Amino acid sequence: MAARRRGAALGLCATVCLLDMAFCKGFVEDLDESFKENRKDDIWLVDFYAPWCGHCKKLEPIWNEVGLEMKSVGSPVKVGKMDATSYSSIASEFGVRGYPTIKLLKGDLAYNYRGPRTKDDIIEFAHRVSGALIRPLPSQQMFEHVRKRHRVFFVYIGGESPLKEKYIDAASELIVYTYFYSASEEVVPEYVTLKEMPAVLVFKDETYFVYDEYEDGDLSSWINRERFQNYLTMDGFLLYELGDTGKLVAIAVIDEKNTSAEHTRLKSIIQEVARDYRDQFHRDFQFGHMDGNDYINTLLMDELKVPTVVVLNTSNQQYFLLDRQINNAEDMVQFINNILDGTVDAQGGDSILQRLKRMVFDAKSTIVHLGLPFT
């Protein structure tokens, strides 16, 4: 009797799960060749997939949840999916080169999603990109609301100007990553000091920075560098994204499960430098910590002892290893300054020799992963 009840319960659970999956799928449209002609009347969030693709199969239940939530909140964005192998000509027109590819299509514009494949991140991308390119902040109350909601956002302050045109151009390119607003001088908080108008500011890390064309160069490049918080929990995807910023990345490589003083101390030192030396280093450095050394080992093609600090140049695959004991923030600041003045030697890079070394390392790693002998 008990066995029958357990079997019935399991059967009911399986039925509920299947019904739940079917319910979520109902909010994602399967797209075909007619989509090319009909899409311009609406805003679409589309997953271009291949039936055989493992990453696509992993995304499918998340994508169904995205469709359900977008519908439940009354979003104007429609959610669909297209088999890019069956409709390869359409996928090619949209620039699909790998699977899965997520794009938001708005009129004649197509925006690529390059963030983490989580429901919340995908939905935030859709809301951000489907809305106005530059969103007005009409009051101090609205400014405070935005400040509490977003960890990083940009604001143009002033009237019509060549700087505003550059700001609009930058927003057109970088709206996929961050938020852009405009406001009058009266709307921004009293603690904001502006030497001249118009101005572009980034608000993050409970402070703000003002764009300086002489110091910071091209506006789009500056926004791309400043769209991250100063201190981050690092992973492989984030390090890849940071490669576009041109900044060096100082990372405490630790074991987060290890509560010993050495692990927590190095993390605290990096946090202290990121916070207290922000004005000195924020143009050149990004700071953070990473749990475990697996990813770093593949970058360095070596076994990195944990805990430690490594500084990466993600744009050219160079790195700097500690050549001294780091006991406090002052030691770390000195190490950073020595990197900047060239007295600490860079290792790695993307030379032909390093590329050959990478090929050998990757081949060896594949053999080890397959459990085959390597000689």
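As a convention, each chain's residues are numbered from 1 in the sequence order in which they are written. Residue-level local features of this predicted model are given only where pLDDT is at least 70; pairs of side-chain atoms are given and counted only at 80 or more, and the full residue set underlies all totals for whole chains, interfaces and linings. Each side-chain value is worked out from all heavy atoms of the structure, with water and hydrogens disregarded.

### A word on the overall build of the chain
Consideration 1: Counting from the N terminus, the helices are DSSP H or I runs at least four residues long and the strands are E runs at least two residues long. Summing up its helical and strand segments, the chain has 15 helices and 16 strands in all.
Consideration 2: Burial classes follow relative accessibility: with a 1.4 Å probe on protein chains only, a residue under 20% of its type's maximum area counts as buried, one over 50% as exposed, and anything between as partly exposed. Relative to its full complement of 375 residues, the chain shows a buried share of 42%.
Consideration 3: Here, two residues are considered to be in contact whenever any of their heavy atoms come within 4.5 Å of each other. For the chain, the proportion of contacts with a sequence separation of at least 24, taken over those separated by at least 6, is 71%.

### Description of the side chain of K103
Consideration 1: Structurally, the position occupied by K103 is in strand β4 (residues 101-106).
Consideration 2: No salt bridge is formed by the buried K103, whose closest oppositely charged neighbour, D47, lies at an N-O distance of 11 Å.
Consideration 3: Sequence-distant contacts of K103, defined by excluding residues within four places in its chain, comprise W44, L45, V46, F48, F94, G95, V96, Y111 and N112. We score Asp and Glu as negative and Lys and Arg as positive, and we do not count His or the chain ends. Any carboxyl oxygen of Asp or Glu that lies within 4 Å of a side-chain nitrogen of Lys or Arg is treated as forming a salt bridge with it.

### Notes on the pairing of strand β5 (residues 109-112)
Consideration 1: For β4 and β5, the ladder comprises four bridges, and the chain directions are antiparallel. The residue bridging L104 from the neighbouring strand is Y111, located in β5.
Consideration 2: Count of turn residues in the β4/β5 antiparallel hairpin: two residues, of which G107 carries a positive phi of about 65°. Note on pairing: two strands pair once DSSP finds at least 2 bridges between them.

### So, the pattern of salt bridges
Consideration 1: One pass over the structure, following the stated rule, counts 16 salt bridges.
Consideration 2: The residue D30 makes a salt bridge to K81 at a minimum N-O spacing of 3.9 Å. Of this pair, D30 sits in strand β1 (residues 29-30) while K81 sits in strand β3 (residues 77-83), and the two are 51 residues apart along the sequence.
Consideration 3: Relative accessible area serves as the criterion here: at 58%, D30 is assigned to the exposed category.
Consideration 4: Residues K164 and E160 are paired through a salt bridge, measuring 3.1 Å at the closest nitrogen-oxygen approach.

### Describing the packing of aromatic side chains
Consideration 1: Each Phe, Tyr or Trp ring, with Trp reduced to its six-membered ring, pairs with another whose centre is within 6.5 Å; inter-plane angles below 30 degrees give stacked pairs, above 60 give edge-to-face pairs, and intermediate values give tilted ones. Using the criterion set out here, one finds 20 aromatic pairs in the structure.
Consideration 2: Between F35 and F94 the ring centres are 6.4 Å apart and the planes differ by 55°, which places this aromatic pair in the tilted class. Linking F35 in helix α2 (residues 35-38) with F94 in the loop between α4 (88-93) and β4, this pair joins segments that are 59 residues apart in sequence.
Consideration 3: On the basis of relative accessible area, F94 is assigned to the buried category, the value being 13%.
Consideration 4: With centroids separated by 5.7 Å and ring planes inclined at 20°, the aromatic side chains of F154 and F180 adopt a geometry described as stacked.

### Topic: the packing of helix α3 (residues 54-72) against helix α5 (residues 119-130)
Consideration 1: Orientation is described by axes fitted as lines to C-alpha atoms, over the contacting stretch for helices, and by angles from 0 to 180 degrees between their N-to-C directions. For the pair α3 and α5, interaxial distance at closest approach is 9 Å and the crossing angle is 45°. The angle between α3 and α5 places the two elements in the oblique class. α5 is crossed by α3, and the crossing has right-handed handedness. Here L59, I62, W63, E65, V66, E69 and M70 of α3 lie close against α5, whose contacting residues are K119, I122, I123, A126 and H127. Convention used here: angles under 35 degrees read as roughly parallel, angles over 145 as roughly antiparallel, angles from 65 to 115 as roughly perpendicular, and any remaining angle as oblique. What makes a crossing left-handed is the near helix being turned counterclockwise from the far one by less than a right angle; a clockwise turn instead makes it right-handed.

### Describing the sheet that holds β5
Consideration 1: Across the sheet, five strands lie side by side as β1-β3-β2-β4-β5; this open sheet has mixed pairing. Edge strands, defined here as strands with exactly one partner in the open sheet, are β1 and β5.
Consideration 2: In the packing of α5 onto the sheet, the strands contacted are β2 (43-49), β3, β4 and β5, and the crossing angle to β4 comes to about 25°.

### Quick notes on the sheet that holds strand β12 (residues 248-254)
Consideration 1: Taken together, the six strands give an open sheet; going across it, the order is β11-β13-β12-β14-β15-β16, and neighbouring strands pair in mixed fashion. The open sheet has two edge strands with one neighbour each: β11 (231-233) and β16 (347-348).
Consideration 2: Sheet topology note: the β12/strand β14 (residues 308-313) ladder contains six bridges and is antiparallel. In the strand pairing of β14, V249 is matched with L312.
Consideration 3: In this fold helix α11 (residues 261-276) packs onto β11, β12, β13 (285-291) and β14, with an angle of close to 155° to the strand it touches most, β12.

### Digging into the environment of L219
Consideration 1: On the secondary structure map, L219 appears in helix α9 (residues 219-226).
Consideration 2: Once residues lying within four places of it in the same chain are set aside, the contact partners of L219 are L163, K166, Y167, V200 and Y211.

### Re the nonpolar core
Consideration 1: Definition used in this section: a nonpolar core is a set of buried Ala, Val, Leu, Ile, Met, Phe, Trp, Tyr and Cys residues joined via side-chain atoms within 4.5 Å. Residues L45, L104 and I223 are the most contacted members of the largest nonpolar core, which totals 36 residues.
Consideration 2: Non-local contacts of L45, meaning those with residues more than four positions away in its chain, are made with W63, V66, V77, K78, V79, G80, I102, K103, L104, I122, F125 and A126.
Consideration 3: Listed in part, the 24 residues of the second largest apolar core include A252, A274, V311 and A329.

### Description of the environment of F203
Consideration 1: Structurally, the position occupied by F203 is in strand β9 (residues 199-204).
Consideration 2: Given the relative accessible area of 3%, F203 is considered buried.
Consideration 3: The spatial distance from the C-alpha of F203 to the C-alpha of Q229 is 9.5 Å, given a sequence separation of 26 residues.
Consideration 4: Filtering out sequence-adjacent residues up to four positions away, F203 remains in contact with F143, R151, V152, F153, V155, Y191, V192 and Y208.

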